[in-house]
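An overview of the molecular structure
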Amino acid sequence: MSYEWLALLAACLWAGTSLISVTPSRHLGAFAYSRWRMGLVSLMLISASLYNNQWQNISLEQASWFALSGFIGVFVGDTALFACMNRFGPRRASLLFACHAAFSALFGVWLFNEQLLGWSLLGAACLFGGVLLAVSFGRRAEQHSWENISGPVYVGLALGLAAALCQSIGTVMLKPLMSQPEYSQIDPVAGSAIRMLSAFIAHWLFWLSGHKLARAQRPLNRRLLLMIASNGFLAMAVGMTLMLFALRYGDVSVVALLSSTSPVLVLPLLWLVTKQAPTRSAWFSAGLVVIGSGLLIFA
């Protein structure tokens, strides 16, 4: 499977899991939800890495880069995203988080001399424009609780953009590790395990500090634990590992743009949940995303 399809598959997983996140995140709070999620995902990935016996292929220096990427992209980025989702709902949070594609594309051109020219540039423009249209105008479900805005708008806006920037930085940091021939022995599953463990340790230390933000707002129950575990497995254990495989073989800019299609993929899922169809502009934007993705994959 080519790296473009891997990035799109990651986007599909993130679209579905974003809806699973809403209930437990609002129930526990952003920090408590992220802490449980990172802890469970760390156990999954460490178990898989031990089974594959791939730890010896990662040096201490490489592990430190994975850990720093996990701190920035997962601990800071994911927590900011869930805090934004608790305030803005999944659709608006997806709009802001989709900006990570633009950030990553700029970083890719600036740091790695990547190019988006001709049909690829047109495809990137169609894809990113379609994502923005999809979440900006697909708002027929305004009466649903997921569409309510809680707290000051500028706080949610800052959280969403911070999540996008941290995700972009955390992804770009891993490009040299995953693409250079001398690092070809690095196992993406082991790399993901280090990222998740780094984020969990940061969450755990923050919880030990006794800060009120780290405390769960309500008690955890078995149903929510299963939701968190399934979300973490699909989004982080599988989705982020697919992203690392895609980064090994593809440009940061293209991978980021394709993985940013998850807001469009959320629309039909929201239709199922809210029982209200997206607007015509939302479907038009979905068409732009399909065209843009096709140009990026086949150009």
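All values derive from a computational prediction rather than experimental measurement. Here the residue index of a chain counts from 1 through its sequence in written order. Thresholds applied to this predicted model are a pLDDT of at least 70 for local features of residues and 80 or more for the giving and counting of side-chain atom pairs; totals over whole chains, interfaces and linings are not thresholded and use all residues. Excluding hydrogens and water, the side-chain figures rest on all heavy atoms present in the structure.

**Digging into the nonpolar core**
In globular proteins that are soluble, nonpolar side chains generally tend to be buried together. Throughout this description, the term nonpolar core refers to a set of buried Ala, Val, Leu, Ile, Met, Phe, Trp, Tyr and Cys residues connected via side-chain atoms within 4.5 Å. Exposure classes here rest on a 1.4 Å probe applied to the protein chains alone. A residue is buried below 20% of its type maximum, exposed above 50%, and partly exposed in between. By size, the foremost hydrophobic cluster in this structure holds 40 residues, and its most contacted members are Leu-45, Phe-66, Met-196, Met-236 and Val-255. Of the residues forming this core, the biggest block, nine residues, is contributed by helix H9 (residues 222-249). Among the nonpolar cores identified, the runner-up in size contains 17 residues, and Ala-30, Ala-32, Ala-80 and Ala-83 belong to it. Starting at the N terminus, helices and strands are each numbered in turn, a helix being any DSSP run of H or I of at least four residues and a strand any DSSP run of E of at least two.

**Structural notes on helix H1 (residues 3-28)**
The end-to-end C-alpha distance of H1 is 35 Å, a good match for the 38 Å that 26 residues give at a rise of 1.5 Å each. Take the seven residues that end at a residue and the seven that start at it, fit an axis to each, and the angle between those axes is the bend at that residue. The largest bend along H1 measures about 35° and falls at Ser-21, with the proline Pro-24 one to four residues further on. For H1, the buried fraction is high: 19 of the 26 residues fall into the buried class. Helix span is expected to be 1.5 Å times the residue number reduced by one.

**What about the confidence of the model for the protein chain?**
Looking at the protein chain as a whole, the pLDDT averages 82, with 88% of positions reaching at least 70. Here pLDDT means the predictor's own confidence in every residue, given as a number from 0 to 100. The secondary structure element of the protein chain with the lowest average pLDDT is helix H5 (residues 118-137), at 71, and the one with the highest is helix H8 (residues 188-208), at 92.

**Thoughts on the side chain of Thr-17**
Relative to the assigned elements, Thr-17 resides in helix H1. Here Thr-17 falls in the buried class, since its relative accessible area comes to 4%. We call two N or O atoms a polar contact when they sit within 3.5 Å, provided that within protein one can donate a hydrogen and the other can accept it, with sequence-adjacent residues counted only if both atoms are side-chain atoms. A polar atom in the side chain of Thr-17 sits 2.8 Å from the backbone oxygen of Leu-13. In what follows, residue pairs with any heavy atoms lying within 4.5 Å of each other are defined as contacts. In this structure Thr-17 touches Asn-231, Leu-234 and Ala-235, once residues within four positions along its chain are discounted.

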